[in-house]
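Here's the letter readout for the chains.
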Amino acid sequence: MTDVHPAWLPDAAFAPLAARRVRVVGEGLLAGTVRGEVTRAGARLVTGDADVVLEQREGDGPEAYEIARRDGVTTVVAGGGPGLLYGLFHLVRLGEEAFAGDRAPERHAPAHALRMLDHWDNVDVHPVMGQVERGYAGGSIFYADGRVREDLSRVAAYARLLAAIGINRVAVNNVNVHRREARLLTDDLPDVARIADVLRPWGIRLHLSVSFASPVLLGGHTSADPLDPDVQAWWAAATERVHAAIPDFGGYVVKADSEGQPGPFAYGRDHADGANLLARALAPHGGVVHWRAFVYDHRQDWRDRTTDRARAAYDHFAPLDGRFADNVVVQVKHGPMDFQVREPVSPVLAAMPRTRLAVELQVTQEYTGQQRHVCYLAPAWREALGFRPWGEDGATVSETLRGGVAAVSNVGDDPFWTGHPLAQANLYAYGRLAWDPDADPLDEWVSLTFPGAAPAARALLHDTLDRSRRTYEDYTAPLGVGWMVRPGHHYGPDVDGYEYTPWGTYHFADRDGIGVDRTVATGTGYAGQYPRPWSDVYESRDTCPDELLLFFHHVPYSHVLASGSTVIQHVYDTHFAGVAEVERIVAAWDRADGLLPADVVARVRGRLVEQLRSAREWRDQVNTYFLRKSGVPDARRRTIH
Ligand code: GCU
């Protein structure tokens, strides 16, 4: 394995453990992994007197564990192998604190049973999308030279990192299943099984993205109709073979009738028919189908003002509530559009009480700077998971999810894993939030990744990351309008890039105003997809939060925001402020020598040069565009080109 950054598991993070005698009580694969970790840390594995006892006692939820300390002994009692492993990593996070004084028993259990990462990796290098679709960290860690890699040591290191943040499911291929990748389900099974073997000791089950047309593509059938008995038999047999090769196979991920992928619509069937077809094949083996709700018309006529892409997932899926099999998880993007830096929370998440729903997040920074810009996304994810669709007294999104969480990975074969070294914080945060949606993982990540970091180094990292999502939002698309990116690759500004395209992503700026009217009264009706109070809150310009104003309303440039600023002045001010903030961060990193490892500082500085260039480009294009459209000058008379 080439030299790979240890991320949040550097040897130094294990130093407190290394000085201790550790007893591990338990049998099985994961107990073996825990023993391996203890030895690797340099600690003494003992069978008698110990400073730390890690004990596996079947029963109390296999992933849960209880930590306590009494009479100089730290104990972890886990309900199963995974809990033992998570308990060990909890001790690593605590560091010396795990071995100081007494500690009252504290139980830890995940908020969600399914905590998944989806890789959009292709086996082959796709002519347009590259090997990892929307990947900004090099090639795939799973595949090279048109097949599963022979050497999977990098995957093993990855699985270890994921176990340390509690991820327990990984889908290993792209949701857009091309011809070559469709065969992972059949011809490549022995190789896919090798990946599963590498993930298993870390408590991670493998999932595959499959093509709905597999019976046609791979089985020689003329149809993939979910109600056709031959098609059903094909899926049952194929799934049987997968299970024989991978006994703990997790299940299928499906993107159907979406952006050109095949699906049940071709046969006059709906998404419940489609999902239940695969669910039936998986059920005898304990597998689940993650069926994605990202379904919309991507061939829309931009002249047609009645169609609203934001409405699509709800319109397709909400009527199907109650029709999905128990082992179907409907996987819903956190916002109604597509991972923009600011979107409302998807109303689908509140519309299907009889369906197991998962929320889908995007760790890979497709629309948030592509790992060239710093953009720490945990604050956005916390907002989504903590959103209360039924108002202050109702449950949060996280509390209502029964299918857990999924997110698109940001990892590739880059030595830092994520391209931008600070993008590691996003992956770390995702895992920790999937376990505990109220967590605030940044300090943990800093302490583990940069053990012994001086206060000035910690301050620099906080300063760079804490506000970075807001900063990115400031210099890109304003007030929730989104989509002012270059079409195709989605990097950099292009205010009208998507305006006259079929993708349903418009801002409708003219000389008088901007924004999409999604009200019930005069617009597309999208606001009415929310339960009260949000349907009312979003319906009115007066109560709609500023940051989402242009998502829900078309307003004149002179409209006065709750902040007191006009829309046009807000556009100018935030774009100047966003760039000024990046300039400030660049200057801070100019003084970073000696604070953090030299390779990290060098890589971050390199990326900041591009972030600043790009932020200025965004500022100037957006400001100039709106000055020209509106004719309203900047009240502070700054340079707009
Ligand atoms: C986005 C992204 C695509 C991806 C799609 C999806 O539109 O740009 O690359 O395939 O989401 O989530 O399916």
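Cut-off values and rules
Residues numbered from 1 in each chain as written. Predicted model: local features only at pLDDT ≥ 70, side-chain atom pairs only at ≥ 80, totals over all residues. Heavy atoms only, no water. Helix = DSSP H or I, 4+ residues; strand = E, 2+ residues; numbered from the N terminus. Rg over C-alpha atoms; globule rule 2.2 N^0.38 Å. Buried < 20%, exposed > 50% of the residue type's maximum accessible area, 1.4 Å probe, protein only. Contact = heavy atoms within 4.5 Å. Areas by Shrake-Rupley, 256 points an atom, 1.4 Å probe, with all protein chains shown as cover. Lys, Arg positive; Asp, Glu negative; His and termini not counted. Charge placed at Lys NZ, Arg CZ, Asp CG, Glu CD. Phe/Tyr/Trp six-rings, centres within 6.5 Å; stacked < 30°, edge-to-face > 60°. Lys NZ or Arg CZ within 6 Å of the ring centre and 35° of its normal. Near = heavy atom within 4 Å. Polar contact = N/O pair within 3.5 Å; in protein donor to acceptor, adjacent residues only side chain to side chain. Nonpolar A, V, L, I, M, F, W, Y, C, P; charged D, E, K, R; others polar. Core = buried A, V, L, I, M, F, W, Y, C linked by side-chain atoms within 4.5 Å. UniProt positions renumbered as here; feature names shortened; annotations may be inferred. Salt bridge = Lys/Arg side-chain N within 4 Å of Asp/Glu carboxyl O. Pairing = 2+ DSSP bridges. Axes fitted to C-alpha atoms, helices over the stretch in contact; angles between N-to-C directions. Parallel < 35°, antiparallel > 145°, perpendicular 65-115°, else oblique. Left-handed = near helix turned anticlockwise from the far one by under 90°. Domains from an automatic or database assignment.

An unreviewed UniProt entry annotates the protein chain as Alpha-glucuronidase originating from Pseudonocardia kunmingensis.

For the protein chain, the helix and strand inventory stands at 20 helices and 20 strands. Computed over C-alpha atoms, the radius of gyration of the protein chain comes to 25 Å, within 12% of the 26 Å expected from 2.2 N^0.38 for 641 residues, which places it in the range of a compact globule. Counting only residues that meet the buried cut, the protein chain has 62% of its 641 residues in that class. Contacts in the protein chain between residues far apart in sequence, at least 24 positions, make up 70% of those at least 6 positions apart. As presented, the protein chain carries roughly 23500 Å² of accessible surface, and 51% of it is formed by carbon and sulfur atoms. Here the protein chain contributes 67 positively and 84 negatively charged side chains, and the mean placements of these two sets differ by 2 Å.

Bringing the packing of aromatic side chains into the picture now. According to the stated counting rule, one finds 29 aromatic pairs in the structure shown. Between W445 and F450, the ring centres sit 5.7 Å apart and the planes meet at 85 degrees, which makes this aromatic pair edge-to-face. Members of the aromatic cluster, connected to one another through ring pairs, are F387, Y526, Y530, W534, Y538, F551 and F552. In this structure, R305 is placed above the aromatic ring of F508, and the distance from its NZ or CZ to the ring centre is 3.6 Å. Over the ring of Y491 we find R372; its NZ or CZ atom is 3.8 Å from the centre of that ring.

Attention now goes to the site of the ligand. Close contacts around the ligand come from 14 residues, with E133, R292, K333, D338 and E366 the closest. Within the side chain of N176, an N or O atom sits 2.9 Å from an oxygen atom of the ligand. Between an oxygen atom of the ligand and a side-chain N or O atom of R292, the distance comes to 2.6 Å. For the shell around the ligand, the class distribution of residues is 4 nonpolar, 2 polar and 8 charged.

In terms of nonpolar packing, the biggest core is built from 200 residues, with W8 and W589 touching the most fellow members. Apart from residues lying up to four places away in sequence, W8 is in contact with L161, A164, I165, Q424, L427, Y428, W445, L448 and T449.

A separate point is the UniProt feature "domain: Glycosyl hydrolase family 67 catalytic" (unreviewed entry) in the protein chain. Mapped onto the present numbering, the UniProt feature "domain: Glycosyl hydrolase family 67 catalytic" (unreviewed entry) falls on residues 107-417. For residues 107-417, the helix share is 25%, the strand share is 17%, and the end-to-end C-alpha distance is 32 Å.

Since there are 3.6 residues in each turn of an α-helix, residues three or four apart along the chain are aligned in direction. Among the 8 residues in helix α16 (residues 468-475), 7 count as buried, and that is most of the element. Considered for burial, the residues of α16 that qualify are S468, R469, T471, Y472, E473, D474 and Y475.

A few words now on the side chain of E499. Secondary-structure assignment places E499 in the loop between α16 and β19 (513-514). Notably, E499 is buried but unbridged: the nearest opposite-charge side chain belongs to R305, and the N-O separation is 7.0 Å. With residues up to four places along the chain from it excluded, the contact list for E499 reads W302, T505, Y506, H507, F508 and A509.

Below, the discussion takes up the sheet that holds strand β6 (residues 103-108). If you walk across this open sheet you meet the 6 strands as β2-β1-β3-β5-β4-β6, and the pairing is mixed. Bordering the open sheet on either side are β2 (44-45) and β6, each of which pairs with just one other strand. In this structure, strand β4 (residues 65-70) lies alongside strand β5 (residues 73-78), joined through 6 bridges in antiparallel fashion. When the sheet's bridge partners are listed, Y65 is paired in β5 with A78. The strands that helix α2 (residues 29-41) touches are β1 (21-25), β2 and β3 (52-56); relative to β1, the one it contacts most, it runs at about 175 degrees.

Now for the pattern of salt bridges. What the rule picks out here adds up to 48 salt bridges. A single salt-bridge network, built from bridges that share partners, covers R342, E383, R469, R470, E473 and E547.

As a further point, take the packing of α2 against helix α3 (residues 81-94). Between α2 and α3, the shortest axis-to-axis distance is 8 Å and the interhelical angle comes to 20 degrees. As judged from the angle between their axes, α2 and α3 are roughly parallel. The crossing of α2 and α3 is left-handed. Of the residues in α3, those in contact with L30, A31, T33, V34, E37 and V38 of α2 are G81, P82, L84, L85, L88 and F89. Along the lines of polarity and charge, the residues of the contact of α2 with α3 split into 9 nonpolar, 2 polar and 1 charged.

On to the sheet that holds strand β15 (residues 288-292). Reading around the barrel, the 8 strands line up as β7-β12-β13-β14-β15-β16-β17-β18 and close back on themselves, with parallel pairing between neighbours. Going from strand to strand, the sheet's axes swing by 25 degrees on average, the running direction of each strand aside. Sheet analysis places strand β12 (residues 169-171) next to strand β13 (residues 205-209), joined by 3 bridges and oriented parallel. Paired with R169 across the strands is R205, a residue of β13. Packed on one face of the sheet, helix α6 (residues 189-199) meets β12 and β13 and runs near 145 degrees to β13.

Along its sequence, the protein chain is organised into domain 1 (11-108), domain 2 (115-449) and domain 3 (472-516 + 554-630). Taken over C-alpha atoms, the centre of domain 1 sits 47 Å from the centre of domain 3.

The next subject is the environment of D315. Relative to the helices and strands, D315 resides in helix α10 (residues 312-317). As a C-alpha pair, D315 and V348 span 33 residues in sequence and 8.9 Å in three-dimensional space. For D315, the side chain forms a polar contact with the side chain of R311, separated by 3.0 Å. In this structure the side chain of D315 is engaged in a polar contact, spanning 3.3 Å, whose partner is the side chain of Q529.

Okay, the pairing of β13 next. Counting buried residues along β13, 4 of its 5 residues qualify, which places the element largely inside the surrounding structure. Sheet topology places β13 next to strand β14 (residues 251-254); 3 bridges connect them, and they run parallel. Paired with L208 across the two strands is Y252, which belongs to β14.

Moving on, we come to the packing of helix α14 (residues 442-449) against helix α15 (residues 455-465). The N-to-C vectors of α14 and α15 enclose an angle of 135 degrees; their axes lie 11 Å apart at closest approach. Viewed along their axes, α14 and α15 adopt a mutual orientation that is oblique. Considering the relative orientation of α14 and α15, their crossing is right-handed. In this structure, α14 uses L442, D443, W445, V446 and S447 to contact α15, whose residues at the interface are R458, L461, H462 and L465. Residue classes in the contact of α14 with α15 are distributed as 5 nonpolar, 2 polar and 2 charged.

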